[in-house]
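# Coordinates in review
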Amino acid sequence: MNIAVTNRKGGVGKSTMSLHLASGLATLGYRVALVDTDSQGHVSLSLDLPETDGLYRALVNDEPIEDIVISVEKDAYSPADNPAKGHLFVIPAEDKTYQISSHIEQQPFKFLNFTDDLKKVLNLHFVVIDTSPTIKDLDSQIFMATDGYLYVSEAEKLSRHGVEKAIKQMSGLVNDRVRHLRRPTTVLGVLPNKVRNTDSHIYNLEEMEAAYGKYMLDPIRLRTAWSEASVYTETLFTYAPTSEAAKEAWRMIQQVVEAVNAWHQTK
Ligand SMILES: Nc1ncnc2c1ncn2[C@@H]1O[C@H](COP(=O)(O)OP(=O)(O)OP(=O)(O)O)[C@@H](O)[C@H]1O
Ligand SMILES: [Mg+2]
């Protein structure tokens, strides 16, 4: 299954949650590729991997997957006392990523085909796609490839608005996907992030509950462990595996797995 982690708003935690979702799924036993589609290259930075233009080389130069994929060591993302039972791969992005769309605009299914190849070659269960906040031409290709969406949102008005815009963008493609590809699309969850116990956050959470009801995942609180782990280029699962923040991350992963299982049953 291809999962896009998205919001039209910047800085809400898309890359952080992509990294932890992919790491958590790999820890549980799944084979996962984390695809960075943002030229900021945050996935490589977060895991201290070399910053290379793997996605560009795969999509524009048609280089084989074996040559561009990075296989991540288990101790880089999973707890020492619970090493990953599955496997995490990364497809890295960097500066050149923003040029990709102009090279492949005549091939609207290029990104989709790439994710299909990834799954075949690496024998994957999941492709987790970290998206960029800016509207780019590559979006329609990424969203054409997406089976399930995880929307990350702060409990703030602008962030909620970013989710609304992203959902509108998705809705425009859902029918096309079924018509052309016979692939249905689902929402795996709306994840409130960086939540504090302030009146305004409580109000915004209620508004989100009213708008997204059953799709709402348990909130992830604003906690320093998240940014500290990122400063030390670690995941929470290696940096602070017993922290409240790590517990909340595991809850998110569990809820996404439940949503995936429910989706498989309806297919
Ligand atoms: N729950 C949290 N508590 C505290 N800090 C957090 C939390 N979630 C994310 N952060 C921090 O917020 C910052 C922004 O997160 P991140 O880079 O994941 O956002 P993004 O949506 O990917 O941004 P961009 O739109 O630039 O791609 C990072 O420094 C990250 O460590
Ligand atoms: Mg990001």
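Structural notes, computed from the coordinates. (Residues numbered from 1 in each chain as written. Chains lettered and ligands numbered in written order. Predicted model: local features only at pLDDT ≥ 70, side-chain atom pairs only at ≥ 80, totals over all residues.)

### Re the overall build of the chain
The condition is simple: The way it works is that DSSP assigns letters per residue, a run of H or I at least four long becomes a helix, a run of E at least two long becomes a strand, and they are numbered from the N terminus. Taken over C-alpha atoms, the radius of gyration is set against a globule rule of 2.2 Å times the number of residues to the power 0.38. Residues with at least 20 neighbouring C-beta atoms inside 10 Å of their own are called buried, those with 12 or fewer are called exposed, and the rest are partly exposed, where every C-beta is derived from the backbone. What counts as a contact here is a pair of residues whose C-beta atoms, placed from the backbone, lie within 7 Å.
A count of helical and extended segments in the chain gives twelve helices and seven strands. Taking 2.2 N^0.38 as the reference for a compact globule, 267 residues should give roughly 18 Å; the C-alpha atoms of the chain span a radius of gyration of 17 Å, in line with that estimate. For the chain, the residues scored as buried account for 46% of the 267 residues in total. The long-range fraction of contacts in the chain, counting pairs at least 24 apart against all pairs at least 6 apart in sequence, stands at 77%.

### So, the sheet that holds strand β6 (residues 148–154)
What counts is decided by this rule: DSSP calls a pair of strands paired once it identifies at least 2 bridges connecting them. Helix axes use the C-alpha atoms of the stretch in contact, all axes being lines fitted to C-alpha atoms, and the angles between their N-to-C directions lie in the range 0 to 180 degrees.
In spatial order, the strands read β3-β4-β2-β5-β1-β6-β7; together these seven strands make up an open sheet with mixed pairing. The two strands at the open ends of the sheet, each matched to only one other strand, are β3 (70–71) and β7 (186–193). By the bridge criterion, five bridges tie strand β2 (residues 31–36) to strand β4 (residues 87–91) in an arrangement that is parallel. Opposite Arg31, over in β4, you have His87 as the bridge partner. Packed onto the sheet, helix α8 (residues 157–181) meets β1 (2–6), β6 and β7 and runs at close to 160° relative to β6.

### Some words on the packing of helix α7 (residues 138–145) against α8
Here is the rule: If an angle is under 35 degrees, it is roughly parallel; if it is over 145, roughly antiparallel; if it lies from 65 to 115, roughly perpendicular; otherwise it is oblique. By convention the crossing between two helices is left-handed if the near helix lies anticlockwise of the far one by an angle smaller than a right angle, and right-handed if it lies clockwise.
Running from N to C, α7 and α8 point in directions that differ by 55°, and their axes come no closer than 10 Å. Regarding the angle of α7 to α8, the classification is oblique. With respect to the hand of their crossing, α7 and α8 are arranged in right-handed fashion. In this structure, α7 uses Asp139, Ser140, Phe143 and Met144 to contact α8, whose residues at the interface are Gln169, Met170, Leu173 and Arg177.

### What about the site of ligand 1?
Applied cut-off: By definition, a residue lies near a molecule or strand when the C-beta atom built from its backbone is within 6 Å of it. Under this grouping Gly is polar, as are all residues other than the nonpolar Ala, Val, Leu, Ile, Met, Phe, Trp, Tyr, Cys and Pro and the charged Asp, Glu, Lys and Arg.
Near ligand 1 lie 19 residues; those nearest to it are Gly10, Lys14, Ser15, Thr16 and Pro133. Put simply, the parts of the chain that give the shell around ligand 1 at least two residues each are α1 (14–28) and α10 (224–231). Per-class residue counts for the shell around ligand 1 are five nonpolar, ten polar and four charged.

### Here we look at the pairing of β4
For a regular strand, the rule is simple: side chains alternate between the two faces of the sheet. Burial analysis of β4 places four of its five residues in the buried class, which makes it a mostly covered element. As paired strands, β3 and β4 are joined by two bridges and run antiparallel to one another. Within β4, the residue paired with Ile70 across the bridge is Val90.

### With respect to unusual backbone geometry
Of note in this structure, Asn123 is not a glycine but carries a positive phi near 55°. On the basis of neighbour count, Asn123 is assigned to the exposed category, with 9 C-beta atoms found within 10 Å. One non-glycine residue with positive phi stands out, namely Lys194, at about 60°. Turning to its location among the elements, Lys194 is positioned in the loop between β7 and α9 (199–212). On the basis of neighbour counts, which here come to 21 C-beta atoms within 10 Å, the residue Lys194 falls in the buried class.

### Description of the nonpolar core
Let me state the cut-off plainly: What makes a nonpolar core is a set of buried Ala, Val, Leu, Ile, Met, Phe, Trp, Tyr and Cys residues, with links drawn between C-beta atoms within 7 Å.
Formed by 71 residues in total, the largest nonpolar core has its most connected members in Val32, Leu34, Val128 and Leu150. At seven residues, helix α12 (residues 244–266) tops the list of elements feeding residues into this core. When near neighbours in sequence (up to four residues on either side) are disregarded, Val128 contacts Ile3, Val5, Ser18, Leu21, Ala22, Val32 and Leu34.

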